[in-house]
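# What the coordinates show
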There are 2 protein chains.
Amino acid sequence: MAATPSGHPPASPSSQAAAAPLRRRGERMRQAVLAATTRLLSTQGLAGTTVAAVARAAGVHETSVYRRWTTRENLILDALTTELDTALPLPDTGEVREDLVRFFTALARLLDTAQGRALLRLSVEHDDTLADRRLPYWTERLQRAAVLVRRGVERGQLPAGTDPGLVVEAVGGALFARTLLSGAPLGEPLVRDLVALVLDGARGGRSR
Amino acid sequence: MAATPSGHPPASPSSQAAAAPLRRRGERMRQAVLAATTRLLSTQGLAGTTVAAVARAAGVHETSVYRRWTTRENLILDALTTELDTALPLPDTGEVREDLVRFFTALARLLDTAQGRALLRLSVEHDDTLADRRLPYWTERLQRAAVLVRRGVERGQLPAGTDPGLVVEAVGGALFARTLLSGAPLGEPLVRDLVALVLDGARGGRSR
DNA sequence: CACCTATCGCAAGTCGAGTTGCTTTATGGT
DNA sequence: ACCATAAAGCAACTCGACTTGCGATAGGTG
């Protein structure tokens with residue numbers, strides 16, 4: 001008890017311009033924690049972003065973080081998804097190939113950032129024991145990109161039997177696998193070649 | 001089952017029963033721990049395979065495990081790679097398509113086991129901070145499969161400009177992504193469709 | 001067989017994730 | 001202005017990964 005004299009701040013003598021951020025609540029606290037999380041994420045990396053560090057940086061108690069987000073994973077996921085939400089637009093150029101190249105180029109660029117990689121890696125750590133409750137961020141984005149293929153079919157640029165999900169999984173999967181497994185760079189030519197491979201095939205292909 | 005006092009001349013005829021604290025050493029201890037690890041892996045799953053549990057099951061002290069394998073990750077990786085080493089043969093049927101279908105079907109089957117999934121997930125958790133490179137199990141297998149494509153090129157079944165690595169990454173990446181992200185099943189038709197997509201392209205080929 | 005040393009057992013401890021019971025305070029509603 | 005209560009703070013745990021110092025011993029060597 002006496003070991004921690006942090007009992008109460010003596011009336012905050014130095015009244016700053018902004019309201020003393022002691023004991024943030026509700027939305028204010030949420031913002032502060034989320035901001036601290038993304039800040040730590042980009043400075044200390046994923047491993048360095050511990051709940052205690054986030055709480056300290058946000059001026060909030062660790063327990064409060066756990067009460068709101070339950071797990072560290074949820075916290076980081078929340079911070080990342082709200083930040084990266086607008087990062088993957090769906091182009092509509094009238095050309096399937098161009099649409100796909102643009103979308104997956106944006107995806108590749110996202111996967112080349114520390115935050116994109118962190119989000120991918122966390123998305124992979126679903127618990128086998130607990131029922132699936134992983135938020136399907138990437139799967140969702142990928143399936144969203146399937147409309148690019150569907151539009152191509154409607155335009156007559158692709159045969160009617162085309163499986164949009166398969167096309168998108170092949171290209172996206174290669175990018176994900178590179179990021180997660182080999183860590184090899186995701187250059188622009190790679191995306192173009194992958195799209196070409198999937199559209200034209202290894203046989204019939206006038207590559208590029 | 002687990003008891004392995006075999007092989008060694010126990011001697012110690014002095015009064016005490018065989019209840020002596022069998023202090024396993026060197027290779028014997030290594031075997032026991034590795035066996036216990038794979039056993040726990042298939043019964044308790046990845047999350048349930050804790051170092052303490054492995055040590056207990058192997059009749060060995062936890063410290064000894066850490067001294068030999070340094071981390072839990074290394075231990076499990078070691079156990080899995082030695083066990084799954086012969087799981088991905090390279091077929092040679094004279095037909096690229098058939099070769100690829102067979103290889104990736106085997107891969108899909110492997111990814112459908114608890115051990116395959118565990119190995120994949122652990123392969124993803126390389127530390128960004130440490131230079132300690134994750135052992136490239138999957139990447140290596142994939143690149144090994146690239147010879148299937150190369151043979152196809154040599155046989156004239158594929159054009160000369162074909163990029164073997166790309167073909168293999170597209171199909172494999174899709175399988176990996178399914179396993180890691182969506183957890184969707186990896187049926188036989190999926191592999192056939194993926195190979196067809198990559199060989200014939202979404203446009204062109206109507207062969208199969 | 002006696003000796004040496006790498007190897008193993010053991011206890012105690014650090015660190016971060018996650019939990020719980022209880023106290024305190026900031027707000028919003030009347 | 002007052003009061004009820006949801007939201008935070010706080011301390012004290014549990015648990016598993018990982019470390020360290022030291023004592024005990026198995027195994028091979030001379």
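As the structure is a computational prediction, the values presented were derived from the model and not from experiment.

## What to know about the overall build of chain A
In terms of helices and strands, chain A carries 9 helices and 0 strands. Taken across its 208 residues, chain A has 33% of its residues classed as buried. Long-range pairs, those at least 24 residues apart, make up 56% of the contacts in chain A between residues at least 6 apart in sequence.

## Re the confidence of the model for chain A
Averaged over all residues, the pLDDT of chain A equals 83, while 82% of them reach at least 70. Between residues 1–21 of chain A, whose pLDDT stays under 50, and residues either more than four places distant or in other chains, the model counts 3 contacts.

## Brief notes about the UniProt feature "domain: HTH tetR-type" (unreviewed entry) in chain A
Mapped onto this structure's residue numbering, the UniProt feature "domain: HTH tetR-type" (unreviewed entry) falls at residues 27–87 of chain A. Annotated as residues 27–87 of chain A, this span is 82% helix and 0% strand, and its ends, taken at the C-alpha atoms, are 24 Å apart.

## Looking at the protein's contact with DNA strand D
In the region of DNA strand D, 22 residues are neighbours, and His 61, Thr 63 and Ser 64 of chain A together with Thr 50 and Arg 72 of chain B sit closest. Among the secondary structure elements, those contributing two or more residues to the surface near DNA strand D are helix H1 (26–48) and helix H3 (62–69) of chain A together with helix H2 (51–58), helix H3 (62–69) and helix H4 (72–83) of chain B. Residue contributions to the surface near DNA strand D peak at 3 residues, all from H3 of chain A.

## Regarding the domain arrangement of chain A
The parts lose accessible area when they come together, and the size of an interface is often stated as this lost area. Residues and elements named next belong to chain A. Domain annotation for chain A reports domain 1 (26–83) and domain 2 (96–200). Each of domain 1 and domain 2 has a C-alpha centre, and the two are 28 Å apart. Taken together, the 10 residues of domain 1 in the interface contact 9 residues of domain 2. Contributing elements (two or more residues each) for the side of domain 1 that touches domain 2: H1 and helix H4 (72–83). It is H4 that contributes the most residues to the side of domain 1 that touches domain 2, 6 residues altogether. Grouping the amino acids of the side of domain 1 that touches domain 2 by side-chain chemistry returns 5 nonpolar, 3 polar and 2 charged.

## Notes on the interface of chain B and chain A
Counting residues at the interface gives 41 residues for chain B, matched by 41 residues for chain A. Listing elements by their share of the side of chain B that touches chain A, those giving two or more residues are helix H1 (26–48), helix H6 (114–124), helix H7 (137–154), helix H8 (164–182) and helix H9 (188–200) of chain B. Here the element with the most residues in the side of chain B that touches chain A is H8 of chain B; it accounts for 12 residues. In the side of chain B that touches chain A, the residues fall into 20 nonpolar, 13 polar and 8 charged.

## Concerning the relation of the copies chain B and chain A
Once turned by 180° and shifted 0.0 Å along the axis, chain B lies on chain A with an RMSD of 0.3 Å. The operation mapping one copy onto its partner corresponds to a two-fold rotation axis. When C-alpha distances to the rotation axis are compared across chain B, the minimum falls at Gly 201 of chain B, with a value of 1.8 Å. Interface residue correspondence from chain B to chain A reaches 95%, placing this contact among same-surface, isologous pairings.

## Things to note about the protein's contact with DNA strand C
In the vicinity of DNA strand C lie 22 residues, with Thr 50 and Arg 72 of chain A together with His 61, Thr 63 and Ser 64 of chain B positioned nearest. For the surface near DNA strand C, the elements supplying multiple residues, two or more each, are helix H2 (51–58), H3 and H4 of chain A together with H1 and H3 of chain B. A class-by-class count of the residues in the surface near DNA strand C yields 6 nonpolar, 9 polar and 7 charged.

## With respect to the environment of Gly 183 of chain B
All names here are of chain B. For Gly 183, the position within the fold is in the loop between H8 and H9. Accessibility expressed as a C-beta count within 10 Å gives 15 for Gly 183, which makes it partly exposed. Along the chain, Gly 183 and Thr 37 lie 146 residues apart, while their C-alpha atoms are 24 Å from each other.

## Quick word on the nonpolar core
Counting residues in hydrophobic clusters, the biggest one holds 112 residues, and the most contacted among them are Ala 170, Val 171 and Val 198 of chain A together with Ala 170, Val 171 and Val 198 of chain B. Leave out the neighbours within four places in its chain, and Ala 170 of chain B touches Ala 170, Ala 174, Leu 194, Leu 197 and Val 198 of chain A together with Val 198 of chain B.

## What about unusual backbone geometry?
A positive phi angle, near 70°, is found at Thr 70 of chain A, a position not held by glycine. Within the secondary structure layout, Thr 70 of chain A lies in the loop between H3 and H4.

## Here's the deal with the environment of Leu 84 of chain B
Residues and elements named next belong to chain B. Structurally, the position occupied by Leu 84 is in the loop between H4 and helix H5 (96–111). It is 8.4 Å that separates the C-alpha atoms of Leu 84 and Gln 115, two residues lying 31 residues apart in sequence. Contacts of Leu 84, omitting those with residues within four sequence positions, involve Leu 110, Gln 115, Gly 116 and Leu 119.

## Some words on the packing of H5 of chain B against H8 of chain B
Residue and element names in this part refer to chain B. At a closest axis distance of 11 Å, the pairing of H5 and H8 adopts a crossing angle of 15°. By the angle class used here, H5 and H8 are roughly parallel. Considering the relative orientation of H5 and H8, their crossing is right-handed. Side by side, H5 and H8 meet where Leu 100, Phe 104, Leu 107, Ala 108 and Leu 111 of the first sit next to Val 171, Gly 172, Leu 175 and Thr 179 of the second. Partitioning the contact of H5 with H8 into residue classes produces 7 nonpolar, 2 polar and no charged.

Rules of the game
- Each residue is numbered by its place in its chain's sequence as written, counting from 1.
- Each chain takes a letter, starting from A, and each ligand takes a number, starting from 1, following the order in which they are written.
- Side-chain atom pairs in this predicted model are given and counted only at pLDDT of 80 or more, local residue features only at pLDDT of at least 70, and totals for whole chains, interfaces and linings cover all residues.
- Each helix is a run of H or I in the DSSP string that is no shorter than four residues. Each strand is a run of E no shorter than two, and both are numbered from the N terminus.
- To sort residues by exposure, count the other C-beta atoms lying within 10 Å of each residue's C-beta; 20 or more gives buried, 12 or fewer gives exposed, and values between give partly exposed, all with C-beta atoms placed from the backbone.
- By the convention adopted here, residues make contact when the C-beta atoms placed from their backbones lie within 7 Å.
- A residue's pLDDT is simply how confident the predictor is in it, with values from 0 to 100.
- UniProt positions are given in the numbering used here, feature names are shortened, and annotations may be inferred rather than shown by experiment.
- Near, for a residue, is defined by distance from a backbone-placed C-beta atom to a molecule or strand, with 6 Å as the limit that must not be exceeded.
- Marked domain ranges trace back to an automatic or database domain assignment.
- By the convention adopted, Pro, Cys, Tyr, Trp, Phe, Met, Ile, Leu, Val and Ala count as nonpolar, Lys, Arg, Asp and Glu as charged, and the other residues, Gly among them, as polar.
- The fit set for superposing copies consists of C-alpha atoms from residues with pLDDT of at least 70 in both; the fit itself is least squares.
- Note on terminology: a nonpolar core is a set of buried residues of type Ala, Val, Leu, Ile, Met, Phe, Trp, Tyr or Cys, with members joined through C-beta atoms within 7 Å.
- All axes here are fitted lines through C-alpha atoms, helices being fitted over the stretch that makes contact, and every angle between N-to-C directions spans 0 to 180 degrees.
- Each angle receives one of four descriptions, namely roughly parallel if under 35 degrees, roughly antiparallel if over 145, roughly perpendicular if within 65 to 115, and oblique otherwise.
- For any pair of crossing helices, the crossing counts as left-handed if the nearer helix is rotated counterclockwise from the farther one by less than a right angle, and right-handed if it is rotated clockwise.

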